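Remarks on the overall topology
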Amino acid sequence: MGSSMGGGSIRPFGGALFRGARSKRRSQTGTFTDVPTTKSASASPSAVRTVAALASSALLVSPLLAGTAHAAPADEGQLPKAPVPPAKMSQVGGERLGRPGVQVQLQAGAPALPKELTARSWIISDAESGQVLAAKNPHWQLAPASTLKMLFADTVLPKFPKTRTYKVKPADLAGMGTGSSLVGIKENLTYTVHDLWLGVFLRSGNDAVHTLSAMNGGTEATVKEMQKRAAELNATDTHVITPDGYDAPGQVSSAYDLSLFARAGLKNPDFREYCSTASAQFPGDMGKDGKRATFGIQNTNRLLSGDFDIKPYPGIAGVKNGSTTNAGSTFTGVAQHGDRKLLVTVMNPEKKQHNEAYREAAKLFDWGFAADGKVDPVGSLVDPKGAGNGTGGAKDGDKETQAALDSAGGWGGPWTAAGIGGAVVVLLGAVVFFARRRRALPAGEQGRRGAGGGRRKK
C-alpha cells in the first residue's frame with residue numbers, strides 16, 4: 001500500500017531494478033478570433049478607434065504570452081482561452097512524441113484511455129525499459145513548479161554523505177521567493193544532510209533547497225550544474241532559472257523531461273528512500289533544557305500520504321509533486337504492481353478540482369497496469385549521454401531519435417522569446433493575474449501571491 005507512517009519508507013523497488021534497462025522501440029497553434037460587434041453596418045468613429053486599440057493590444061501581447069500557462073480573456077464574461085501546444089515540438093524519444101495531442105497505439109482488446117484527462121501535458125512510460133505507452137503533448141515546454149526538485153536532487157544528492165552536518169547561515173536562506181513552501185529551517189542551527197533531503201522531498205522546502213545549494217557553492221553554481229545535468233540526461237526541453245522550481249520567466253521543463261529526471265534519480269537508493277518516505281520527524285528549536293526538539297512532517301505527495309478526499313495509491317513509491325500560479329499542479333509518480341513498474345507525469349490539469357493532478361495520475365496508472373502487453377509503444381525515454389552504446393541515449397539504428405537529439409541543442413521554441421522579454425512578460429502578466437480571482441489553497445498548505453511571477457504552494 002501507499003503510505004508508511006512514523007518515518008518509514010516504502011520501497012517496493014529493489015536496488016537492482018533501476019539499472020537502466022535499454023530495451024526501446026521506435027515506435028495548433030491557437031488563433032485569435034474577431035471580437036463580434038452588435039452592428040453589422042457602419043461603425044462610429046469611436047467604435048473604430050476602440051477596435052483598433054484592441055487589435056493593437058492583441059498584436060503586442062500575443063507573441064509574449066505564447067506558450068505561457070495563462071491566456072487573457074477574449075471578452076468580458078467569457079472564460080480565458082486555454083493555450084494550445086506548439087504545432088511542432090521536440091522529437092527526442094520518437095517522432096510521435098513531437099506531435100500535438102494524444103498519442104497511443106492500442107492493440108486488440110486493450111482498454112481505452114481514461115476519460116476526463118484534462119492535463120495540458122502527460123506521459124506514461126515503463127520505468128525500467130523506458131517505453132512510452134501513451135502521451136499527450138509530452139514535449140510541451142511548461143512551468144514545472146517543484147517537480148524540478150527531482151533534477152536538483154539528481155544533481156546534488158550524490159555529493160554529500162547523509163551523515164554530514166551543516167550549520168545554517170542567515171545568508172543561506174536569502175533569495176527565496178515570496179510565499180515559498182518551507183520545512184522550517186532556522187538560521188544558526190545545525191542539520192544533517194539527511195534532515196535537509198527529507199525537507200526537500202516531504203515538505204518541498206525551498207529553505208532546504210537553498211541550504212543545500214549554499215553547501216554546493218551557491219544557487220547560481222547549482223543552477224548551472226542542474227542545466228548541465230539536464231543536458232547529460234538529454235532533457236532538451238528544460239531551462240533552469242531557480243533550483244527549487246519557483247516561478248521565474250523562462251524556467252520551463254516538460255512531462256518528458258520530468259520523467260527522465262525521475263527515472264535517473266530512482267537509480268540512486270538514497271533518492272528512492274527520500275521520495276518514498278511518507279512522514280518523518282524533523283529537528284526544531286533548542287529547548288530550555290538544552291535538548292533539540294523535533295516536529296512531524298508529512299509528504300505532500302497525496303498519492304503517497306493520502307488526503308481527506310484521496311487515498312494513497314497502491315504500490316506508489318514516490319516521486320515529486322509541485323504547484324505554483326504559472327505551473328498549476330504538476331506531479332511525477334512511480335508505482336509497481338507485481339513486476340510492472342510505471343512512471344506517470346501530469347502537468348497542469350484544466351480541471352481545478354482539489355487534488356486533480358493526483359486523480360488524473362491515478363487514472364493513468366490504472367490504465368497502464370490494465371493495458372500491460374496490450375499497447376505498442378509510441379516512443380521511449382532515452383538514456384543519458386554516453387550510456388550503454390555511447391550514442392547519447394539513442395538506440396543503435398534509431399536515426400530518428402539521434403537526429404532529434406542532435407538538432408535539439410537545448411531549450412528553445414516559444415519560450416525563447418519569453419526568456420528574452422521576461423521583464424515585459426512579468427509586467428503584462430501582473431495585469432492578468434490580479435484581474436483573476438484567487439483560487440483557494442488546500443487546507444494546511446502555504447502560499448500567497450509572490451515574486452517571480454507566481455504564488456508558491458509546494
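The coordinates are above.
We now turn to the structure provided with this report. Just so it is clear, the structure is predicted and the values come from calculations on it, not from any experiment. (Residues numbered from 1 in each chain as written. Predicted model: local features only at pLDDT ≥ 70, side-chain atom pairs only at ≥ 80, totals over all residues. Heavy atoms only, no water.)

Below, the discussion takes up the environment of R96. Here R96 is to be found in the loop between α1 (45–65) and β1 (102–106). Taking the C-alpha atoms as reference points, R96 and N137, separated by 41 residues in sequence, lie 9.7 Å from one another. Excluding residues within four positions of it along the chain, R96 makes contact with Q103, V104, Q105 and V378. Among the polar contacts made by the side chain of R96, one reaches the main-chain carbonyl oxygen of V104 at a distance of 3.4 Å. (Helix = DSSP H or I, 4+ residues; strand = E, 2+ residues; numbered from the N terminus. Contact = heavy atoms within 4.5 Å. Polar contact = N/O pair within 3.5 Å; in protein donor to acceptor, adjacent residues only side chain to side chain.)

Here we come to the pairing of strand β6 (residues 279–286). Here β6 runs beside strand β7 (residues 292–298); their pairing, made up of 6 bridges, is antiparallel. Within β7, the position partnered with M286 by the bridge is R292. Hairpin connection between β6 and β7: a loop of 5 residues separates the two successive antiparallel strands, and G290 in this loop has a positive phi of roughly 85 degrees. (Pairing = 2+ DSSP bridges.)

Space inside the largest cavity adds up to approximately 60 Å³. Looking at the largest cavity, the residues that line it are L233, L260, R263, A264, K267, V382, D383 and P384. (1 Å grid on protein atoms, 1.4 Å probe; cavity = no way out; pocket = protein on both sides within 12 Å on 5 of 7 lines; lining within 4 Å. Points joined across faces, edges and corners; volume = space filled by probe spheres on them.)

With that out of the way, let us pick up the nonpolar core. Ranked by size, the top nonpolar core spans 63 residues in total, and within it I185, W197, F201, Y256, F261, F271 and V319 carry the most contacts. Here V319 is in contact with M150, F201, A262, L266, F271, C275, N301, T332, G333 and V334, once residues within four sequence places are set aside. (Core = buried A, V, L, I, M, F, W, Y, C linked by side-chain atoms within 4.5 Å. Buried < 20%, exposed > 50% of the residue type's maximum accessible area, 1.4 Å probe, protein only.)

Right, let's get into the packing of aromatic side chains. Here the structure, examined in full by the defined rule, presents 9 aromatic pairs. Ring geometry for F365 versus F369: centroids 6.3 Å apart, planes at 20 degrees, classification stacked. Of this pair, F365 and F369 both sit in helix α9 (residues 356–370), separated by 4 residues, roughly a single helical turn. Residue classification places F369 among the buried positions, given a relative accessible area of 14%. What links up through ring pairs into an aromatic cluster is the set F152, W197, F201, F271 and Y274. (Phe/Tyr/Trp six-rings, centres within 6.5 Å; stacked < 30°, edge-to-face > 60°.)

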